[in-house]
Amino acid sequence: VDAFQAWCGPCKTVVDLFGKVRNEVGSDLLHFAVAEVDSIDALKKYRGKCKPVFLFYAGGELVAIVRGANAPLLQKTILEQL
């Protein structure tokens, strides 16, 4: 889940990375979602920072977090979690 704030420019660039990874991996286990934190109360602890937060869930449990638009780290985390 890409937890972002609409006013944060760097957050918008990561969507292309998600598409690229999805095409390369092609896994049915891999699903991406975006969540605008200013409109979701459950994500209010991620508000007020100009840095995206990527939340990785498996079986309904939070299993990893990546802070910032670090494409190599995101790709590595995605592959590790698969």
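Note that the structure is predicted; figures quoted are calculated from it, not measured.

A. Quick peek at the overall build of the protein chain. Looking only at helices and strands, the protein chain has three helices and four strands in total. Ordered by position in the sequence, the α and β elements of the protein chain form the string β-α-α-β-β-β-α. For the protein chain, the residues scored as buried account for 33% of the 82 residues in total.

B. Representation of helix H3 (residues 71–81) within the structure. Among the residues of H3, those classed as buried are Leu 74, Thr 77 and Ile 78. Looking straight down H3, one finds that the buried residues subtend no more than 100 degrees of arc, so they occupy a single side. Within H3, the exposed residues directed more than 90 degrees away from the buried face are Pro 72 and Glu 80. Looking at the buried side of H3, the elements it contacts are helix H2 (14–25), strand E3 (53–58) and strand E4 (61–67). One side-chain oxygen of the residue at the start of H3 lies 3.1 Å from the amide nitrogen of Leu 73, identifying that residue as Asn 70.

C. Inspection of the nonpolar core at higher detail. Among the nonpolar cores identified, the biggest contains eleven residues, and these are Val 14, Leu 17, Phe 18, Val 21, Leu 30, Phe 54, Phe 56, Ala 64, Val 66, Leu 74 and Ile 78. Elements represented by at least two residues in this core include exactly H2, E3, E4 and H3. Of all the elements, H2 adds the most residues to this core, at four residues. Beyond its immediate stretch of four places on either side in the chain, Val 14 contacts Phe 54, Ala 69 and Leu 74. Counting residues in each nonpolar core, the second largest holds seven residues, with Ala 35, Val 37, Leu 43 and Tyr 46 among its members.

D. Broad picture of H2. Compared with an ideal rise of 1.5 Å per residue, which puts twelve residues at 16 Å, H2 spans 17 Å between its outermost C-alpha atoms and is within 8% of the ideal. Taken as a whole, H2 has its buried residues at Val 14, Leu 17, Phe 18 and Val 21. Take H2 and look down its axis: the buried residues cluster within an arc of 100 degrees, on one side only. When the buried face of H2 is taken as reference, the exposed residues oriented beyond 90 degrees from it are Asp 16 and Asn 23. Looking one or two places after H2, you find Gly 26, whose phi comes out positive at around 60 degrees.

Reading the values: the criteria
- Positions within a chain are numbered from 1, following the residues in the order the chain's sequence is written.
- Since the coordinates come from a predicted model, pLDDT governs what is reported: local features require at least 70, and pairs of side-chain atoms require 80 or more to be given and counted, while whole-chain, interface and lining totals use all residues.
- Values shown for side chains rest on all heavy atoms present in the structure; no hydrogens or waters enter the calculation.
- Going along the chain from the N terminus, every DSSP run of H or I of four or more residues is numbered as a helix, and every run of E of two or more is numbered as a strand.
- Burial status follows relative accessibility: with a 1.4 Å probe on protein chains alone, a residue under 20% of its type maximum counts as buried, one over 50% as exposed, and anything between as partly exposed.
- Comment: arc refers to directions from the helix axis out to C-beta atoms.
- Only heavy atoms matter for contacts: two residues are in contact if any of them lie within 4.5 Å across the pair.
- Here a polar contact means two N or O atoms within 3.5 Å. Within protein one must be a hydrogen donor candidate and the other an acceptor candidate, and residues neighboring in sequence count only if both atoms are side-chain atoms.
- Only buried Ala, Val, Leu, Ile, Met, Phe, Trp, Tyr and Cys residues count toward a nonpolar core, and they belong to the same one when joined by side-chain atoms within 4.5 Å.
- Here the expected length of a helix is defined as 1.5 Å per residue gap, with one fewer gap than residues.

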